[in-house]
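Breakdown of the fold
This is what each chain is made of:
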Amino acid sequence: MLNSGVLTKSNSKNLDSSNAIILTENEVVQLRREKISNWPDKNQVFALQYGIPFLSASNLLTNTWINSMYRKIFNLKYGGSVGAFFSSVLLTGVFPTAADAAFLNFYYIDFLFYSSPTECLICREIKSIGLHLAIGSVIPAFLAWNTNYFQAGIYKTYSLPYHKWLMEKKYWPKYWYYFKRVFKNTTKNTFSRIYLSFSIQLILSSAVFFLQQKEYYEHIEPQKIGLSEIKKIKSI
């Protein structure tokens, strides 16, 4: 079966649609996923099955660590409420991680399963790594600082500029001055740790994508898909 999604019934060089089963991209992806889930030797498709969940777990741990770091800086580790803690974890860890996993499955894995040899899979891999870092790491790090900044204002655990200064234009310079000081004090010595977490995610995602391509082209792509498998998802 070719990656183009056409399984021919005829030996003719000129493909006649009356003698062929035309599959959509979604159907090709579904057949590939079924093939992987039913693969007898799980070690041969380990990265294809567990690569994205592994990246998601490492991403969640990294984002939770960054969030905890800012909570400690803003004195929220022992202040605030349990609800505030869980809301910050959801906003900076769980939601971005879930969005990142869904994106990687749709943008990279599905593309891998239906792409043709002429398409630039490396280009898609590089874009996927970049977007993975943006969605799964950069945005959560940005959200972590902002979430804990506002929670510190609510629970008064850190000295912040008076928010009502924003209501009057004459106080804007004063607000901006104190805001910059807070930002400098709360981000000091954090960029190296955040950079380290980004580097870890970069290395892990590159390794996982490489192994997924290797497993797919060595074991899954060469396999023929029979009519009995197609009949499970398509009326013929």
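Residues numbered from 1 in each chain as written. Predicted model: local features only at pLDDT ≥ 70, side-chain atom pairs only at ≥ 80, totals over all residues. Heavy atoms only, no water.

**Some thoughts on the overall build of the protein chain**
What the protein chain contains, in helices and strands, is seven helices and two strands. Beginning at the N terminus, the succession of helices and strands in the protein chain can be written as β-β-α-α-α-α-α-α-α. In the protein chain, of all internal contacts separated by at least 6 residues, the share reaching a separation of at least 24 is 75%. Carbon and sulfur atoms provide 63% of the accessible area of the protein chain, an area that totals close to 14,000 Å². (Helix = DSSP H or I, 4+ residues; strand = E, 2+ residues; numbered from the N terminus. Contact = heavy atoms within 4.5 Å. Areas by Shrake-Rupley, 256 points an atom, 1.4 Å probe, with all protein chains shown as cover.)

**Structural notes on the packing of helix H4 (residues 121-155) against helix H6 (residues 191-220)**
When two helices pack together, their arrangement is captured by the angle between the axes and the distance separating the axes. Where H4 contacts H6, the axes come no closer than 10 Å and their chain directions differ by 145°. At the point where H4 passes H6, the crossing takes the right-handed sense. Residues Leu121, Ile122, Glu125, Ser128, Ile129, His132, Leu133, Ser137, Val138 and Ala141 of H4 form the contact with H6, whose own contacting residues are Ile194, Phe198, Gln201, Leu202, Ser205, Ser206, Phe209, Phe210, Gln213 and Tyr217. In terms of residue class, the contact of H4 with H6 is made up of 12 nonpolar, seven polar and one charged. (Axes fitted to C-alpha atoms, helices over the stretch in contact; angles between N-to-C directions. Left-handed = near helix turned anticlockwise from the far one by under 90°. Nonpolar A, V, L, I, M, F, W, Y, C, P; charged D, E, K, R; others polar.)

**Focus: the confidence of the model for the protein chain**
Atomic detail in the predicted coordinates should be set aside for any region of low pLDDT. Averaged over the protein chain, the pLDDT score is 84; the fraction of residues at 70 or greater is 88%. When the criterion is pLDDT under 50, residues 1-12 qualifies, and its contacts beyond four places in sequence or with other chains add up to 34 contacts. (pLDDT = per-residue confidence, 0-100.)

**Some remarks on the pattern of salt bridges**
Summed over all chains, the structure comprises three salt bridges. A salt bridge links glutamate 218 to lysine 214; its shortest N-O distance comes to 3.3 Å. Of the two residues, glutamate 218 and lysine 214 both sit in helix H6, four residues apart, roughly one turn of that helix. A residue is classified by how much of its surface remains accessible, and lysine 214, at 39% relative accessible area, is partly exposed. (Salt bridge = Lys/Arg side-chain N within 4 Å of Asp/Glu carboxyl O. Buried < 20%, exposed > 50% of the residue type's maximum accessible area, 1.4 Å probe, protein only.)

**Concerning the packing of helix H2 (residues 46-73) against H4**
Orientation of H2 relative to H4, taken along the N-to-C sense of each, is 25°, at an axis distance of 9 Å. Between H2 and H4, the interaxial angle falls into the category roughly parallel. The element H2 and its partner H4 pack so that their crossing is right-handed. Mapping the contact onto sequence places Asn59, Asn63, Ile66, Asn67, Tyr70 and Arg71 in H2 and His132, Gly136, Ser137, Pro140, Ala141, Ala144, Trp145, Asn148 and Gln151 in H4. In the contact of H2 with H4, the residues fall into six nonpolar, eight polar and one charged. (Parallel < 35°, antiparallel > 145°, perpendicular 65-115°, else oblique.)

**Brief notes about helix H5 (residues 172-187)**
For H5, with 16 residues, the first-to-last C-alpha span of 22 Å sits near the 22 Å given by 1.5 Å per residue. If you check which residues of H5 are buried, you get Tyr175, Val182, Thr186 and Thr187. Along the long axis of H5, the arc covered by the buried residues comes to 105°, so they all point the same way. In H5, the exposed positions that point more than 90 degrees away from the buried face belong to Pro173 and Lys184. Of the residues trailing H5, asparagine 189 is marked for its positive phi of about 65°. (Expected span 1.5 Å × (residues − 1). Arc of directions from axis to C-beta.)

**Quick word on the nonpolar core**
Formed by 22 residues in total, the largest nonpolar core has its most connected members in Leu48, Phe113, Phe209 and Ile220. Secondary-structure elements contributing two or more residues to this core are helix H1 (25-37), H2, helix H3 (82-114), H4 and H6. Of all the elements, H3 adds the most residues to this core, at eight residues. Counting 14 residues, the second largest nonpolar core, distinct from the first, contains Leu76, Ala141, Trp145 and Tyr149. (Core = buried A, V, L, I, M, F, W, Y, C linked by side-chain atoms within 4.5 Å.)

**Quick word on the packing of aromatic side chains**
Per the counting criterion, the structure on display carries 20 aromatic pairs. Ring geometry for tyrosine 177 versus tyrosine 178: centroids 5.3 Å apart, planes at 80°, classification edge-to-face. We classify tyrosine 177 as partly exposed; its relative accessible area is 48%. One aromatic cluster in this structure is built from Phe74, Trp145, Tyr149, Phe150, Tyr158, Tyr175, Trp176, Phe179 and Phe183. Positioned over the ring face of tyrosine 107 is arginine 124, at 4.0 Å from the centre of the ring. In this structure, arginine 124 is placed above the aromatic ring of phenylalanine 111, and the distance from its NZ or CZ to the ring centre is 3.9 Å. (Phe/Tyr/Trp six-rings, centres within 6.5 Å; stacked < 30°, edge-to-face > 60°. Lys NZ or Arg CZ within 6 Å of the ring centre and 35° of its normal.)

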